[in-house]
Amino acid sequence: MIWKVMFLTVFFNQITSAQNLDIRILRSINSPHPLPSDNIFQFISNSDVWLIVAIPTAMGATSLVKHDKTLFRNAEVVVAATVVNFCITSGLKYSINRARPFITYTDILKKSGGGSPSFPSGHTSGAFATATSISIAYPKWYVIVPMFGWAGAVGYSRMDLGVHYPSDVLAGAAIGAGSAWLTHYVNKKLLNKVH
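A brief look at the structure comes next. (Residues numbered from 1 in each chain as written. Predicted model: local features only at pLDDT ≥ 70, side-chain atom pairs only at ≥ 80, totals over all residues. Heavy atoms only, no water.)

## Quick word on the pattern of salt bridges
As a reminder of what qualifies: We count a salt bridge whenever a side-chain nitrogen from Lys or Arg sits within 4 Å of a carboxyl oxygen from Asp or Glu. Secondary structure elements are taken from DSSP: a helix is a run of H or I of four residues or more, a strand is a run of E of two residues or more, and numbering for both begins at the N terminus. Under the scheme applied here, a residue whose accessible area is under 20% of the maximum for its type counts as buried, over 50% as exposed, and between as partly exposed, the area being computed with a 1.4 Å probe on protein chains only.
The final tally for this structure, using the stated rule, is 5 salt bridges. Across the pair Glu-76 and Arg-73 runs a salt bridge whose closest N-O atoms are separated by 3.6 Å. Here the residue Glu-76 and the residue Arg-73 both occupy positions in helix α3 (residues 69-96), the gap between them amounting to 3 residues, near one helical turn. Of the residues examined, Glu-76 reaches a relative accessible area of 37% and is grouped as partly exposed. The class of Arg-73 is partly exposed, set by a relative accessible area of 29%. Across the pair Arg-98 and Asp-168 runs a salt bridge, and its minimum N-O distance is 2.7 Å.

As structure tokens, this is what we get:
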């Protein structure tokens, strides 16, 4: 019985410490008043939805014009990673149901839309699913650096705009990248069975 109490005490202290660190980091990123840079971060945040759709669409259209089956397959894998990521992220959001930081802490300024639960960040997970999928398909530094630079900027923008905690963003990045790796692995296994 005593070991259970000790475990619960340590566990509760760790959660409290992590939450305190989470809000301290967020407060250092989110300014308590609007800044001109917020418009840039809003643009970066909004680019998420457009690029998640535009990249595989452009890949698919180009593959049809060039009759490139590999490019088309890569586009399918990017779309599959996005779908897997969306399902995992949405399931976690509504099962964990974490309140947005601007709701819990009145000093956090909400500078963007954010209606669904906070954990994990859907924008960040989507960006990292796309960035990882493209980077796996085309493992060149001139593809990887801009893709992950963009995905990281999306995650940072969500904190700057006051709609996500750092832990939401980290979890989103891990889920997005994990979804892409899982999809790539399954695709590779399916291709090996066909050939």
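## Focus: the packing of α3 against helix α5 (residues 122-137)
Just so we agree on the cut-off: Between N-to-C directions, angles cover 0 to 180 degrees, with each direction set by a line fitted to C-alpha atoms, over the stretch in contact for helices. Convention used here: angles under 35 degrees read as roughly parallel, angles over 145 as roughly antiparallel, angles from 65 to 115 as roughly perpendicular, and any remaining angle as oblique. By definition, turning the near helix anticlockwise from the far helix through less than a right angle yields a left-handed crossing, and turning it clockwise yields a right-handed one. Whether two residues touch is decided by their heavy atoms; if any such pair falls within 4.5 Å, the residues are in contact.
It is at 9 Å that the axes of α3 and α5 come closest, and there the two elements cross at 155°. As the angle between them shows, α3 and α5 are arranged roughly antiparallel. Here α3 runs over α5; the crossing is right-handed. Residues Asn-74, Val-77, Val-78, Ala-81, Thr-82, Asn-85, Thr-89 and Lys-93 of α3 form the contact with α5, whose participating residues are Gly-122, Ser-125, Gly-126, Ala-129, Thr-130, Ser-133, Ile-134 and Ala-137.

## Observations regarding the nonpolar core
Here is the rule: Within this scheme, the nonpolar core is defined by two criteria: the residues are buried Ala, Val, Leu, Ile, Met, Phe, Trp, Tyr or Cys, and they are joined through side-chain atoms within 4.5 Å.
Counting 28 residues, the largest nonpolar core has Met-59, Ile-134 and Met-147 as its most contacted members. Sorting elements by how many residues they give to this core places helix α6 (residues 141-160) first, with 6 residues. Not counting residues up to four positions away in its chain, the partners in contact with Ile-134 are Ile-55, Met-59, Val-78, Val-143 and Met-147.

## Some words on the packing of aromatic side chains
Spelled out, the test is: Each Phe, Tyr or Trp ring (for Trp, its six-membered ring) is paired with any other whose centre lies within 6.5 Å, and the angle between the two planes then decides the class: stacked below 30 degrees, edge-to-face above 60, tilted in between. Remark: a charge is flagged as sitting over a ring if the NZ atom of Lys or the CZ atom of Arg is within 6 Å of the ring centre and within 35 degrees of the ring normal.
Enumeration over the complete set of coordinates arrives at 4 aromatic pairs. Ring geometry for Phe-41 versus Tyr-156: centroids 5.4 Å apart, planes at 50°, classification tilted. Residue Phe-41 is located in helix α2 (residues 37-66), and its partner Tyr-156 is located in helix α6; the two are separated by 115 residues in the primary sequence. Since its relative accessible area comes to 34%, Tyr-156 is described here as partly exposed. An angle of 85° between the planes, with centres 5.9 Å apart, marks the rings of Trp-141 and Tyr-142 as edge-to-face. Each member of the pair, Trp-141 as well as Tyr-142, carries the same accessibility label: exposed. The residue whose ring lies beneath Arg-98 is Tyr-165, and the NZ or CZ to ring-centre distance is 3.8 Å.

## So, the environment of Ala-153
You can see Ala-153 is positioned in helix α6. Take Ala-153: its relative accessible area is 24%, and that puts it in the partly exposed class.

## A closer look at the environment of Pro-117
With respect to the helices, strands and loops of the structure, Pro-117 is situated in the loop between α4 (101-104) and α5. A relative accessible area of 10% places Pro-117 in the buried class. Considering only alpha carbons, one finds Pro-117 and Ser-95, 22 residues apart in sequence, at a separation of 9.3 Å.

## Observations concerning a nonpolar patch on the surface
Note the cut-off: Surface patches are defined over residues having more than 30% relative accessible area and no salt bridge, joining like charges when they lie within 9 Å and nonpolar side chains (Val, Leu, Ile, Met, Phe, Trp, Tyr) when within 5 Å. Residue exposure ignores everything except the shown protein chains as possible cover, and the areas themselves are Shrake-Rupley values with a 1.4 Å probe.
On the surface, Leu-182, Tyr-185, Val-186 and Leu-190 cluster together into a nonpolar patch covering about 380 Å² of accessible area. For Leu-190, the position within the fold is in helix α7 (residues 166-194).

## Structural notes on unusual backbone geometry
Trans peptide bonds make up most of the peptide bonds, and negative phi angles are found at most residues other than glycine. Here Phe-119 and Pro-120 are connected by a cis peptide whose omega angle stands at -5°. Locating Pro-120 in the fold gives a position in the loop between α4 and α5. Residues other than glycine seldom take positive phi values, yet His-67 does so here, at roughly 55°. Within the secondary structure, His-67 sits in the loop between α2 and α3. In the Ramachandran plot, Asn-97 falls in the positive-phi region, its phi being about 55° despite a non-glycine side chain. Within the secondary structure, Asn-97 is located in the loop between α3 and α4.

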